[in-house]
Amino acid sequence: MHLPALDKRQNEMDIDRALQLYRELNPSSDSDNERLLRIAYDRYLDQFQEFMQMAVDNDENDTLEGIVEKVLQMTREIQFKEWGENIKLNQLPAMLAGLAAVWSILVSKDVSGTGKYLSPHCIQVICLLRLLSADRVELGVAKHLAQVLTGQGKSLILALCAALLAFMGHDVLVVCYNRYLLERDAADFKQLFSIFGVAERIQYGTFEDLANSVLTSSVDGQRIGLREMVTDLISQDEMNHKATAKVKSKHNMVLLMDEVDVFFTNEFYGNDYYPVANPMITGLGRIQQEIWKAVSEKCYDLKVLTTRIMKYIKSFVNYEVFEEFLAASNRYNLLVHQNVSDIFGVEKPTWKLKSYTNRTLFDEHLQCMLQCAIEVHREPKSRWANYQLSPRNTIAFKYLGEYTNHRRESYYNTFNYFRLKKGDFCSEINGELNYGYLNIDCGSLSYAMLPKSFALILGVSGTLTTLSEPQQKTIKELYDIGQKSVLPTFFGCSNLCYDASGDFYHLPTAGDWMECICSHTQEVVASKRAVITFFSTEEELHKFKCNYSGRFDRLNVLTENTEKTIKRQYINEAGIPRTVTLATRGMGRGVDYKSSVAVERNGGVHVIQTFFSLDIREETQIRGRTARKDNKGCYELVVCDSDLKNSALLTKDEQISYDKLNENRAKLLLEGNGKTYKAIKQASAKHEITMTYLQSLFD
């Protein structure tokens, strides 16, 4: 009986060819490291083939049970700092083979009857062995980042890495910027993790979830976060926590980062995360409705409004319960904003502790509620464009291009809910809050400081080599990440048709720009191919759709806020002949758009980017939505001159060319780095204050 055929891609490249390509991209790699890498890979491949032989000799259930049993027999819980040569060259590759074999069987159900199985590519296996220091004689695992090109299976690399570390006794947090991609990956590997019994130790989360993990510790076996502790301070006379805990480095937790380069964009690196506690207070919802009723009657005078609301509080049905809350004897400290002037008179916002009772806290927040209600009612609707009602009738705020119920800006969410809903109000729907809560600041965390809480950081990115020199320096000095790998493609080359100069178009006016996008799209779909067009904003996308949708037979709109089921459908349809997909820039990273056989036969998916990215990494990612794996595809850049000038990419006198724009954005990036590092320095101080405050609650 012959072994089932491995995935075609694995047969196309053996370890010798893979290491040769790796050597060319990593000229400083050590020959001894390569020797160890080969030993570990050979051990992996021998064990993998042995496991796959079991798939030939037994039915699926018996095979899976047999592999899991063998892997568990190999497993000993050993912290990554203790990993020596025997673990790296024997135990780890063999366990990896078991994980890979089970994954292969699970994802190959539709084709396994033919004797063929999908399997990890040898490049992916080399990446995993590198990330886990199998090629290093030194004890332990070093912090490491790897460049894995788009479409080359970063999700699988991270999942197998997470499972291996979980086997060895570690809790693992896999983070990515995009919740849709996270949920997709978590669902894809849920069965694999469950079969091996490591699901409880692996968590997928966004960068915000990363911040929340840093703010959380274990008390009496329960995970308790800063928000919960602040809520307890306000809603109870005494805190429930009977034991103390130490907020410290996540010594047993490993951080795996997907699309590491996104962490260094303006949305995160250099920015702060602001945790907020939202205790629900009985009766507060009625008070907030009365506030909205008053401002709707154009009662805008704060003094008059305060008197009216205080009078109302004593008359409504839940007055006794609310009065009991106000009269509670508990006293507590909360963090509040303050501005401190330095010797030059420049104000620097930071945090300070302020003592409260429930009554003084309510009095202060009542004034904030009144001010927010007045602003929401008086200001034009255009100011509140980032607020909308979700399909579930909960208030949602647009943050980083995506509408979410979990991002609350003071009390603007509450009163925009009343403004949009108009009547039939509901304070909470399936755990999503609309009103009836206090909005309590809990300090701030610096995104840049978050990874420092973890003893081990491993990450992958499609554009690691495009990080700027200051960012590369930060990786080494701030996070102590000294190991980097650049992995070759599975196929040694790309089938992308693109010329930076020849496929760059700039148009003088917005009308000409849209007409150019439309005509180019028509040319492509006429050849029975598919087009994905990426716009900078939803507004521009919908403007193009309104003007030109009638010219196309099949047009889909794909944004971060597209409903999940429809989003999956449109992603799957994006590679069908004559399909035009209009997408926002956020859908240009990490999304796997597949092309049909008919589209491939005619040249593959065509991608049009309609704006010039200020960060080349975004452009690289959008370009990577086509010609994925060994598929064909084309890319072009169509921009408007006025947009270029508005973004400071050009002066009035400069000639427009791709090379000139590329040169100018590099200068802007360097200027931005200086501002970013200054912001990080200020944010770090506030970060430490917040962490000290958290520790004080435990103490």
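Residues numbered from 1 in each chain as written. Predicted model: local features only at pLDDT ≥ 70, side-chain atom pairs only at ≥ 80, totals over all residues. Heavy atoms only, no water.

Turning our eyes to something else, we now look at the packing of helix H18 (residues 510–526) against helix H19 (residues 538–548). Closest axis-to-axis distance for the H18/H19 pair is 11 Å, and the angle between their directions is 70°. Comparing the axis directions of H18 and H19 gives the class roughly perpendicular. Between H18 and H19 lies a crossing whose hand is right-handed. Facing H18, whose interface residues are Gly511, Trp513, Met514, Glu515, Ile517 and Cys518, H19 presents Glu540, Lys543, Phe544, Asn547 and Tyr548. (Axes fitted to C-alpha atoms, helices over the stretch in contact; angles between N-to-C directions. Helix = DSSP H or I, 4+ residues; strand = E, 2+ residues; numbered from the N terminus. Parallel < 35°, antiparallel > 145°, perpendicular 65-115°, else oblique. Left-handed = near helix turned anticlockwise from the far one by under 90°. Contact = heavy atoms within 4.5 Å.)

Turning our eyes to something else, we now look at the layout of surface pockets. Rolled over the atoms, a probe as big as a water molecule pinpoints where empty space is left. Approximately 1,200 Å³ is the volume found for the second largest pocket. In this structure, the second largest pocket is lined by 39 residues; those nearest its centre are Arg184, Asp188, Asp592, Lys594 and Lys629. Elements represented by at least two residues in the lining of the second largest pocket include exactly helix H5 (85–107), helix H7 (154–167), helix H8 (179–196) and helix H20 (564–573). At eight residues, the largest contribution of residues to the lining of the second largest pocket is made by H8. Looking at the lining of the second largest pocket residue by residue, the class counts come to 13 nonpolar, 11 polar and 15 charged. (1 Å grid on protein atoms, 1.4 Å probe; cavity = no way out; pocket = protein on both sides within 12 Å on 5 of 7 lines; lining within 4 Å. Points joined across faces, edges and corners; volume = space filled by probe spheres on them. Nonpolar A, V, L, I, M, F, W, Y, C, P; charged D, E, K, R; others polar.)

Glancing now at empty space enclosed by the protein. Within this structure, the stated rule accounts for three cavities of 30 Å³ or more. Taken as a whole, the largest cavity spans an internal volume of roughly 60 Å³. Around the largest cavity, the lining residues are Leu145, Met257, Val260, Phe263, Phe264, Pro451, Ile457, Ile475, Tyr479 and Ile481. For the lining of the largest cavity, the residue count by class is 10 nonpolar, no polar and no charged.

It is worth spelling out the side chain of Arg628 at this point. Along the chain, Arg628 turns up in the loop between helix H22 (616–623) and strand S26 (633–640). Under the relative-accessibility criterion, Arg628 is labelled buried at 8%. For Arg628, the contacting residues outside a window of four places in its chain are Thr150, Gly151, Val591, Asp592 and Tyr593. (Buried < 20%, exposed > 50% of the residue type's maximum accessible area, 1.4 Å probe, protein only.)

A few words on the pairing of strand S22 (residues 531–535). Burial within S22 is extensive, with five of its five residues counted as buried. Burial along S22 is two-sided: Val531, Thr533 and Phe535 and Ile532 and Phe534, pointing in opposite directions, are all buried. Pairing between S22 and strand S24 (residues 579–584): five bridges, direction parallel. Among the inter-strand pairings, Ile532 is bridged to a residue of S24, identified as Thr581. Note: S22 against strand S25 (residues 605–609), four bridges, orientation parallel. Bridge pairing links Thr533 to Ile608 in S25. (Pairing = 2+ DSSP bridges.)

It is worth spelling out the confidence of the model for the chain at this point. Low pLDDT means the predicted atomic positions in that stretch should not be read closely. Averaged over all residues, the pLDDT of the chain is 89; the fraction at 70 or higher stands at 93%. Every residue in residues 341–346 is under pLDDT 50, and counting partners more than four places away or in other chains gives four contacts. (pLDDT = per-residue confidence, 0-100.)

Okay, the packing of aromatic side chains next. For the coordinates displayed, the defined rule picks out 32 aromatic pairs. Look at Tyr417 and Phe425: their rings are 5.9 Å apart centre to centre, the planes differ by 55°, and that puts the pair in the tilted class. With a relative accessible area of 0%, Tyr417 lands in the buried category. We classify Phe425 as partly exposed; its relative accessible area is 24%. The aromatic ring of Tyr399 is capped on one face by Arg407, whose charged end is 3.9 Å from the ring centroid. (Phe/Tyr/Trp six-rings, centres within 6.5 Å; stacked < 30°, edge-to-face > 60°. Lys NZ or Arg CZ within 6 Å of the ring centre and 35° of its normal.)

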